[in-house]
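# Descriptive analysis of the structure
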Amino acid sequence: MWIFVFRRFLVAVPTLLLISVLVFAVIQLQPGGFLENMLEDPRVSRETVERIRRQYLLDQPVWVQYLNWLSGVVRGDFGYSFLNNRPVSELIWERLGWTVFLAVLTIFATWVIAIPLGIYTALRRHGLGATLANFIGYFGLATPDFLVALLLIFAVLSAGGTSVGGLFSPQYIDAPWSWAKFVDMLGHLWIPLIVIGLDGTASIMRQMRANMLDVLSQDYVRTARSKGLAERVVLWKHAVRNAINPLISIAGLSLPNLISSTIIASIVLNLPTIGPFLYDSLLNKDQYVVMALLMMSAVLLMVGNLLADVALAWADPRIRYE
Amino acid sequence: MSKRRAVWLVGFVLLGALALAQPKTISGYGNLGVTSGKAGGSLTLALGSAPQTLFYYGAIDSAIQTLANQMFDGLIEYNLANYKIEPALAVSWQISGGSRVYTFNLRRGVKWHDGRDFTADDVVFTYGQIVANPEARGGDAGNFAGVKIEKVDTYRVRFTLPKPAPAFIHYMRLPIMPKHKLLGFSQEGGKAPAEINNAWPTNVNPEEVVGTGPFRLQSYTPGQQVTLVKNPNYWKRDENGTALPYLDRLQYLVITDSQARVAQFLAGNLGQINITGAEFPDLKRREVQGAPFKVVQFRALFGSPPHLAFNYDAKNPELARLFRNSDFRRAIQAAVNRNRIIEDVYNGLAEIPGNGMAPISEWYYDTRKLLGSYNLQAANAALDKLGLKRGPDGIRLLPSGRPLEFTLTYGSNSTAFTGIATILQNDLRQIGIKVNLQGILAANLLSTGRGKDWEALVLGLGDQPDPELRTPIWKPGGALYYWHQSTQPTTPDGPPQFNNFLPWEREIYDIWEKAASTTNFTQRKALYDRWQAIFAREAMVIMIAKEFAVGAVSNRYGNYVYSLGVIPGYNPVPLMFQR
């Protein structure tokens, strides 16, 4: 097992290097940048722009910039944000808390809701409840998250509500934690949970349903039934355990969503997460912030994959013995 | 006897204090609907992006510009009604020595937020160590090269210019910074010049950020909110002698998306927002239906009116020749339906634009006759006259026989620009010109324009109260004279490439050269009038519309005057009060 993990780790290093070269190159291809726009301010002259370009070493050839960045990363320094004039790691750290909180909460809610629903809709294929759940699922899959966000905001406004964005009402944002602040958060939290979670819930539910239907028609399920096992045992021990296997790898792949999946929804809902920060940095070509976030995303993807493989091996003896 | 002496003494001290403290009384804005308010309350506003730094001169960043307006003051400020220059931290000034020596008498009794006295040292430090520092990212070294800045006494500062600069007084709107807090980041404090940019990053202790302005920083929650509280010692008073600002607290929520801003405003979480003409109908309808807010419009000086530019140096030599021809641009201008754009795109909340100056500005020269009116027949006739015959599909042909088509680049994430581009495309098709639309991010328009890879472009550049402040845009060869880049100097400090100037560009250049060393207002006005007339006559770029400033304000607040927010020295917020 450990040899397996170690081997995966060795493969990850050149992969990450390759990804970093690609990402860096793509950032350079992007037109524009924050320096040009500074000129619109009457304070800024051409000379100032050139001087800032030199301050940031942007006058160096691209490969020199890349090697500088790489040698920094090896030493644990992810570079400076041009826009904020602060180390990238600090800026990410400031925004990481709410990002992880929201992501973990939505992933948790998604799975807790989607898996039972998937099983349920597979067992009662033609029931009213299943039809309803399927409809909502299709709706969730077909509607972009920002549209769901706008619809919910409209609904809240029409009902005279005030929690239409962010995680808190303005008076609680920098207030110390209290019961009232917690309640206020709950009042805001359900919108992002639905917006970010709906799509995932729907797709996992559909997947689980398909897997279940697949498994339920297998010979071994029929065998289990015919040898007189209780339906409960057939269902949970034989069917569900097999049906859930493919979803484990999906779970691993969803780890990078922490950073990049919710950009538009976060902007529309004004959530204090990393998504809008990444978007801003992309627009302004704040290259070291973009590099750090995209590399983080790549690392998370690899770690997620690895975790999924380990979990699969743990859940499925057949994989372990190969 | 001793008692009487004590009374005298107290009297003297009071008189002395009165003489020393020099509050400024704000009055005369009745026509803007300003009345006397009451103290207390709080207001929540929106910031379009998170601040990149809390140091005004550390970045060109609209968020810190907006915040700095509330936390700091300049030596001068703008009248809210007529944009004339008024005393702020300077109570008066004399201009002498052939318009080269500016002496400012500073307001006495002004305190920094931490209780220290504001003196001439702070002004000399701000301009000498920060503004004139070429390494400061938000400095203005270009305009302060060779300017001698000296302290005359505790409350007097003198600037000696190498040559007369008529718009120099406007540079005095920049916020004054506290020397006692920032010395450690300056060259005077023994640091490298670029070190100044590291002052007051966003994670600085708020106590460190002290200004003289109406509000002081209380806290910043990264990416979410900035909280400011009232400066009880502010130097402005209302007509009744009540200390300004009225509000106890000013909160800024960071909301990037304009829809989200509107939603937060409708939910009552924001007290006031700036909106565009496109958002106007919905909000106005709600107001009429009795929603607890007002939608207010002003003719504003500031703002960025869009124009249509053609690349005189387009890669296709045939197009470049055409684009350089004033007759061609005038023909296009006749096909620009300004009234329709004003009605359809801005919902009527715009006016016929000036040429480089806002119609409300004292510098404005009425160019409406020269801009002409929408007339497709005239446009067609003018194009016929240029020898551009129509092909079988109705599209005109270039001399080489290729169809007359070009790409029009616009900001696709701006509703206004998208509307304008579509209307232009439609009308130009009527006169036999095929326009291919290319939408890019509005934020990338300027850098695209300054590159070589474009043919026609819709872009807005900001209006300022003095034409001199926009020299890089309108003077041929300037850094932002992007439509004719072959006039720009080959080296950063070199002269423009005069050999590539068109005759009328040379004329404009000479006007700007002359105006830059003329200080008499009437003479300057005459020169800039001439420039605006040539600009309009040659259709240098085709100005499209000047949008009104539209804002929505909750009925809970009084004394609302529109402000773009980012213009130093234009700050109506201290007058706002909660009912």
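Residues numbered from 1 in each chain as written. Chains lettered and ligands numbered in written order. Predicted model: local features only at pLDDT ≥ 70, side-chain atom pairs only at ≥ 80, totals over all residues.

## Looking at the overall build of chain B
Looking only at helices and strands, chain B features 17 helices and 24 strands. What you see for chain B is a C-alpha radius of gyration of 26 Å, in line with the 25 Å of a compact globule of 579 residues. Each principal axis of the C-alpha distribution contributes one length, and for chain B these read about 105 × 60 × 40 Å. Burial analysis of chain B (579 residues in total) assigns 49% to the buried set. Sequence separation of 24 or more characterises 68% of the internal contacts of chain B that already satisfy a separation of 6 or more. (Helix = DSSP H or I, 4+ residues; strand = E, 2+ residues; numbered from the N terminus. Rg over C-alpha atoms; globule rule 2.2 N^0.38 Å. Buried ≥ 20, exposed ≤ 12 C-beta atoms within 10 Å, placed from the backbone. Contact = placed C-beta atoms within 7 Å.)

## Brief notes about the pairing of strand S5 (residues 90-96) of chain B
All names here are of chain B. The pairing of S5 with strand S6 (residues 101-106) spans 6 bridges and is antiparallel. Bridge pairing in S6 places Ser-96 opposite Val-101. Here S5 hands over to S6 after 4 residues, with Gly-97 in that stretch at a positive phi of 55 degrees. (Pairing = 2+ DSSP bridges.)

## Structural notes on the interface of chain B and chain A
Tallying the contact residues gives 56 residues for chain B and 45 residues for chain A. Within the residue set of the side of chain B that touches chain A, elements represented by two or more residues are helix H4 (141-144), strand S9 (215-221), strand S10 (225-230), strand S12 (249-254), helix H6 (258-266) and helix H14 (445-450) of chain B. At 5 residues, the largest contribution of residues to the side of chain B that touches chain A is made by H6(B). Class assignment for the residues of the side of chain B that touches chain A results in 21 nonpolar, 29 polar and 6 charged. (Nonpolar A, V, L, I, M, F, W, Y, C, P; charged D, E, K, R; others polar.)

## Some words on the domain arrangement of chain B
All names here are of chain B. In terms of domain boundaries, chain B breaks down into domain 1 (34-51 + 213-300 + 549-578), domain 2 (72-201) and domain 3 (306-547). One C-alpha centre belongs to domain 2, the other to domain 3; they are set 36 Å apart. With 8 residues of domain 2 at the interface, the matching set in domain 3 holds 8 residues. Each residue belonging to the side of domain 2 that touches domain 3 can be placed in one class, and the counts come to 5 nonpolar, 2 polar and 1 charged. (Domains from an automatic or database assignment.)

## A short note on unusual backbone geometry
Looking along the chain, the bond that leaves Leu244(B) and enters Pro245(B) is cis, with omega of -5 degrees. Even without glycine at this site, Asn270(A) takes up a positive phi of about 55 degrees. Inspection of the secondary structure puts Asn270(A) in the loop between helix H13 (263-269) and helix H14 (274-284). A residue is classified by how many C-beta atoms lie within 10 Å of it, and Asn270(A), with 26 of them, is buried. Look at Asn347(B): it is not a glycine, yet its phi comes out positive at around 50 degrees. Here Asn347(B) lies in the loop between helix H10 (338-345) and strand S16 (350-351). For Asn347(B), a count of 17 C-beta atoms within 10 Å translates into the label partly exposed.

## Some details on the sheet that holds strand S2 (residues 42-47) of chain B
Residue and element names in this part refer to chain B. With mixed pairing, the 4 strands of this open sheet are ordered in space as S2-S12-S10-S9. Whereas interior strands pair on both sides, the edge strands pair on one side only; in this sheet they are S2 and S9. Sheet twist, expressed as the mean angle between neighbouring strand axes with direction ignored, is 20 degrees. Bridge analysis of S9 against S10 gives 6 bridges, and the strand direction is antiparallel. Across the sheet, the residue bridging to Leu-217 is Leu-228, located in S10. Sheet strands touched by helix H2 (residues 62-71): S2, S9, S10 and S12. Its angle to S9, the strand with the most contacts, is close to 145 degrees. (Axes fitted to C-alpha atoms, helices over the stretch in contact; angles between N-to-C directions.)

## Points about the UniProt feature "domain: Solute-binding protein family" (unreviewed entry) in chain B
The residues that UniProt annotates with the feature "domain: Solute-binding protein family" (unreviewed entry) are residues 84-467 of chain B. Secondary structure content for residues 84-467 of chain B is 26% helix and 22% strand, and the end C-alpha separation is 14 Å. (UniProt positions renumbered as here; feature names shortened; annotations may be inferred.)

## Focus: helix H9 (residues 326-334) of chain B
Extensive coverage of H9(B) is indicated by the burial of 7 of its 9 residues. Taken residue by residue, H9(B) has Phe328(B), Arg329(B), Arg330(B), Ala331(B), Ile332(B), Gln333(B) and Ala334(B) as its buried positions.

## Considering the sheet that holds strand S7 (residues 148-153) of chain B
All names here are of chain B. Pairing within the open sheet is antiparallel, and its 4 strands lie in the order S5-S6-S8-S7. The sheet is open, and its two borders are formed by S5 and S7, each paired with just one other strand. Each strand axis lies, on average, 20 degrees off the axis of its neighbour in the sheet, ignoring direction. Relative to strand S8 (residues 156-160), S7 runs antiparallel, the two sharing 5 bridges. In the sheet register, Lys-151 faces S8, and the bridge partner there is Val-157.

## Structural notes on the nonpolar core
Leu75(B), Leu308(B), Ile420(B), Val458(B) and Met576(B) are the most contacted members of the largest nonpolar core, which has 216 residues in total. At 10 residues, the largest contribution of residues to this core is made by helix H8 (residues 179-216) of chain A. Here Leu75(B) is in contact with Ala88(B), Leu89(B), Ala90(B), Phe104(B), Val123(B), Met172(B) and Ile176(B), once residues within four sequence places are set aside. If you look at the next biggest cluster of nonpolar residues, it comprises 16 residues, including Trp69(A), Phe78(A), Ala292(A) and Leu293(A). (Core = buried A, V, L, I, M, F, W, Y, C linked by C-beta atoms within 7 Å.)

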